Amino acid sequence: MTGRRGALGRVLAVAGGLAVSLGGCGGDGASGTKAQARPVPPAPLASSYRRHCQQCHGLGVAGAPAVGDAVAWAPRQAQGLPSLLARVEAGIPPAMPPRGGCLRCDDATLEALVRWMAFESLNAGANDLTEG
Ligand code: HEC
């Protein structure tokens, strides 16, 4: 009995030591910025974004432009907001569903989501908003 407990204790000690040493690796310069969390929009939009858009746009799944990826968004910004909105409302086959799959989002919410995703999340402000 005591032998078993001792063995378990050693396993736990090893596992604990491993966790500590793995944790210690993060700060040695190898981690860079790639581990940064993707942004989420402010409160009134956050739940719709999390429920309907993040699954594809959080990391850029299935060809979706990822939130925060300035290169992916540049040609879309160049279209201007009205064109972006029209495409979002219609959906873009095959992967982007009509209205981003948020059939309960009203027009104002959808527009705010698109604005944030395509402009504000990149610029950390609305100064460069292209409305044309
Ligand atoms: C199932 C995956 C998926 C979901 C969910 C989704 N999207 Fe997309 N979205 C895409 C893909 C893929 C594209 C790229 C389409 C292309 O360029 O061919 C895209 C493109 C876009 C674009 C750029 C349109 C353009 O003209 O290139 C916007 C804006 C956008 N999505 C907004 C949203 C919003 C807002 C939501 C949530 C309400 C959402 N999407 C949910 C997959 C998704």
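Model, not experiment: these values are computed from the prediction.

Caption draft 1: Quick peek at helix 2 (residues 43-57). The end-to-end C-alpha separation of helix 2 is 18 Å, well short of the 21 Å expected for 15 residues at 1.5 Å each. Along helix 2, the residues classified as buried are Tyr49, His52, Cys53 and His57. Where the residues of helix 2 are buried, they touch helix 5 (107-123).

Caption draft 2: Local environment of the site of the ligand. With respect to spatial proximity, 26 residues lie near the ligand, and among them Cys53, Cys56, Ala95, Met96 and Gly100 are the closest. The set of elements that each furnish at least two residues to the shell around the ligand consists of helix 2, helix 3 (70-79), helix 4 (81-90) and helix 5. Sort the elements by how many residues they give to the shell around the ligand and helix 2 lands first, with five residues. A breakdown of the residues in the shell around the ligand according to their chemical character gives 17 nonpolar, seven polar and two charged.

Caption draft 3: How the structure looks around the packing of helix 3 against helix 5. Contact geometry of helix 3 with helix 5 gives a least axis separation of 10 Å together with a crossing angle of 130°. Here helix 3 is positioned oblique relative to helix 5, judged by the angle of their axes. Here the hand of the crossing between helix 3 and helix 5 comes out left-handed. Residue-level inspection shows Ala70, Trp73, Arg76 and Gln77 of helix 3 in contact with helix 5, the latter providing Ala118, Phe119 and Leu122. Residues belonging to the contact of helix 3 with helix 5 are distributed by class as follows: five nonpolar, one polar and one charged.

Caption draft 4: Molecular detail of the confidence of the model for the chain. Residues at a pLDDT of 70 or more form 65% of the chain, whose mean pLDDT is 78. Highest mean pLDDT in the chain belongs to helix 4 (97); lowest belongs to helix 1 (residues 2-25) (49). Predicted confidence is poor over residues 14-35, with pLDDT under 50, and the contacts of this stretch with residues over four places away or in other chains come to two contacts. Counting contacts from residues 125-132, a segment whose pLDDT is below 50, to residues more than four positions away or on other chains yields twelve contacts.

Here is what the cut-offs are and how they apply
- Residues numbered from 1 in each chain as written.
- Predicted model: local features only at pLDDT ≥ 70, side-chain atom pairs only at ≥ 80, totals over all residues.
- Helix = DSSP H or I, 4+ residues; strand = E, 2+ residues; numbered from the N terminus.
- Expected span 1.5 Å × (residues − 1).
- Buried ≥ 20, exposed ≤ 12 C-beta atoms within 10 Å, placed from the backbone.
- Contact = placed C-beta atoms within 7 Å.
- Near = placed C-beta within 6 Å.
- Nonpolar A, V, L, I, M, F, W, Y, C, P; charged D, E, K, R; others polar.
- Axes fitted to C-alpha atoms, helices over the stretch in contact; angles between N-to-C directions.
- Parallel < 35°, antiparallel > 145°, perpendicular 65-115°, else oblique.
- Left-handed = near helix turned anticlockwise from the far one by under 90°.
- pLDDT = per-residue confidence, 0-100.

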